[in-house]
Amino acid sequence: MIDIIDGEQFRSMIRYGAAAIQAEKQSINDLNVFPVPDGDTGTNMSLTIGAAVTALAEAKAATVGEVAAVNASALLRGARGNSGVILSLLFRGIARELKEKTTMDGVDFAAALSEGVAAAYGAVMKPAEGTILTVSRLAAERAAEVCMEDTSFQSVLEQTIARGEEALADTVNQNPVLKKAGVVDAGGKGFLVILGGMLSYLKGEPMAETGESAPEVREKADFAEFDSQDTAFAFDTVYIVRKASQNIDLAPLRAYLDSIGDSLVIGEDDESFKVHVHTNIPGEALTESQKYGTLELAKIENMRTQQEALAAGREAQSTDDLEQIEAELEQGASGRAERVIAPNEKPFGFVAVCAGAGLEAVFTDLGVDGMVSGGQTMNPATEDLLKVIDATPAETVFVLPNNKNIIMAAQQCIPLSESKKVVVIETRTVPEGIAAMMAVDPDAEEEELSQAMVAAARRVRTAQI
């Protein structure tokens, strides 16, 4: 049991925490439905603490206080998204408490974590329970209790994590959005993963490997359950402003930003402040903030389109994808594979999504013309569906998604196909797709055929194990 840690140990613990969340970032993304179901909490928290690891590798900080200061500064500047900014605030408060410390024991850690929680709550305009704030607060309360009897750093950290896990499990009951999705809070989970990685270092356990995947069976939100139009504010807006002066009062800015959006968090140090806000007018948020200093960096992402992509089973694009997107744009249409357009040899054709040769054979026997490989956890993109639709030799092509996460991607093909009329039969499972095909009457009119297929699919009840 390690009772006291020094600066080098603290530096290594942060590195272990960063590796832990890097390894589990996708499983955390899969929980991300609050405040907006855009599936990026794990990525944001991983990139945020990753910036601190880079800074610490270059810094000559020796004491616990010096390491904490470098860590906090890098986290603030590298913070991404709501969760990343709150994480930076937690460590900012920790750094403030450890400022003069050479080493740290359990009592120091408990006091530092309490200061971090206070900093996070103070910066969030409208704190919501059942989030990373709740998890960190209850964990800090346990740390404060334990250190009264046991001053060992490792012992206090272990008890802190244990209480955090209890609090995390209860977040699903505290937050209506989490309850609807049946998952725990992503930010709270990410914070505990980081603390768990830090504890692994103290226990002498191997550091999680970059790219290590989370377990196959894991808690996961169904993003298709959420309507992107329910998202009140579309743009996730994060930016850094270098202060015009150290004593600047940000209260008027907080009030203004709160009037044009939500999920507002502002973190600051002596030189800069970082804003996270959800708003429909990001340009006005940036303009108003420039009254307080010089804009240094900004990141704006459309959460509605991200949510729609996740609901369709695709990966949500972010500003981290800009280089790849720019390369694709430069390549242009000439660099893309030419799509095959089949002649309209018959009035109706059928395309089905399924996985495996066995199911493909079943759908082929039922008259399906084209297959798209996909299903649960392996959702095809709209482009994949469109290629098969255009290659179907029919004037009207009926598409069977056979998974509710694929329905939206299939619907995007309706306006995109220039050579075919696309009709999406919203089948949610393979048995529904089979029933729909069994109802096909080749002599029926399009509307009659569509109604018959939908009715047949809706009569099916499916159970999965």
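This text goes with the structure placed above it.
Let me begin by describing the structure that accompanies this report. What you are looking at is a predicted structure, and each value in this text was computed from that prediction instead of being measured. (Residues numbered from 1 in each chain as written. Predicted model: local features only at pLDDT ≥ 70, side-chain atom pairs only at ≥ 80, totals over all residues. Heavy atoms only, no water.)

### Let's talk about unusual backbone geometry
Stated precisely, the cut-off is as follows: Counting from the N terminus, the helices are DSSP H or I runs at least four residues long and the strands are E runs at least two residues long.
Phi is positive for Ser263, which is not a glycine, with a value near 55 degrees. For Ser263, the location among the structural elements is in strand β2 (residues 261-268). Positioned with a positive phi, Asn402 is a non-glycine residue whose angle comes to about 60 degrees. Residue placement: Asn402 occurs in the loop between β7 (394-400) and α16 (407-411).

### Comments concerning the sheet that holds β7
To keep it simple, the criterion reads: A pair of strands counts as paired when DSSP detects no fewer than two bridges linking them. Between the N-to-C directions of two axes lies an angle of 0 to 180 degrees, each axis being a line fitted to C-alpha atoms and, for a helix, fitted only over the stretch in contact.
Spatial ordering of the open sheet is given by β6-β5-β7-β8, a layout of 4 strands whose pairing is parallel. On the outer flanks of this sheet lie β6 (370-373) and β8 (421-424), each paired with one strand and no other. Each strand axis lies, on average, 25 degrees off the axis of its neighbour in the sheet, ignoring direction. Pairing of strand β5 (residues 346-354) with β6 involves 4 bridges; the strand directions are parallel. Within the sheet, the bridge partner assigned to Cys354 lies in β6 and is Ser373.

### Remarks on the pattern of salt bridges
Short version of the rule: Salt bridge, as used here: a side-chain nitrogen of Lys or Arg that lies within 4 Å of a carboxyl oxygen of Asp or Glu. Burial status follows relative accessibility: with a 1.4 Å probe on protein chains alone, a residue under 20% of its type maximum counts as buried, one over 50% as exposed, and anything between as partly exposed.
All told, the structure shown has 18 salt bridges when counted by the stated rule. Residue Arg163 is joined to Glu166 by a salt bridge in which the shortest nitrogen-to-oxygen separation is 3.5 Å. With Arg163 and Glu166 both in helix α7 (residues 153-174) and 3 residues apart, the pair spans about one turn of that helix. Between Glu296 and Arg242 there is a salt bridge; the shortest N-O distance is 2.5 Å. Of this pair, Glu296 sits in strand β4 (residues 293-302) while Arg242 sits in strand β1 (residues 235-243), placing them 54 residues apart in sequence. A relative accessible area of 33% means that Glu296 is categorised as partly exposed. Residues joined in a network through salt bridges with shared partners are Arg77, Arg242, Glu271 and Glu296.

### Points about helix α3 (residues 64-78)
Every α-helix carries 3.6 residues per turn, so stepping three or four residues along brings you back to the same face. Test applied: Multiply 1.5 Å by the residue count of a helix minus one, and that product is the helix's expected span. Every residue pair with non-hydrogen atoms within 4.5 Å of one another is taken to be in contact.
With 15 residues, α3 extends 21 Å from end C-alpha to end C-alpha; this agrees with the ideal 21 Å at 1.5 Å per step. Turning to α3, its buried residues are Val64, Gly65, Val67, Ala68, Asn71, Ala72, Ala74, Leu75, Leu76 and Gly78. Of the surrounding secondary structure, the elements contacted by the buried residues of α3 are α1 (7-29), α2 (41-58), α4 (81-97), β2 and β3 (272-279).

### Looking at the packing of aromatic side chains
Operational definition: The criterion for an aromatic pair is that two Phe, Tyr or Trp rings (for Trp, the six-membered ring) have centres within 6.5 Å, with stacked assigned to planes under 30 degrees apart, edge-to-face to planes over 60 apart and tilted to the rest.
With the rule as written, the count across this model stands at 4 aromatic pairs. The interplanar angle of 70 degrees and the centroid separation of 5.3 Å between the aromatic rings of Phe109 and Phe153 together place this pair among those described as edge-to-face. Taken as a pair, Phe109 in helix α5 (residues 106-123) and Phe153 in helix α7 lie far apart in primary sequence, 44 residues in all. Here Phe109 falls in the buried class, since its relative accessible area comes to 7%. Among the aromatic residues, those joined into a ring-pair cluster are Phe348, Phe350 and Phe398.

### Focus on the sheet that holds β4
Sheet architecture is open: 4 strands sit in the order β2-β3-β1-β4, paired in antiparallel fashion. Each edge of the open sheet carries a strand with a single partner, namely β2 and β4. When the angles between neighbouring strand axes are averaged without regard to direction, this sheet yields 15 degrees. As paired elements, β1 and β3 share 8 bridges and run antiparallel to each other. In the strand pairing of β3, Val241 is matched with Phe273. Lying on the sheet, α3 is in contact with β1, β2, β3 and β4; it crosses β3 at an angle near 35 degrees.

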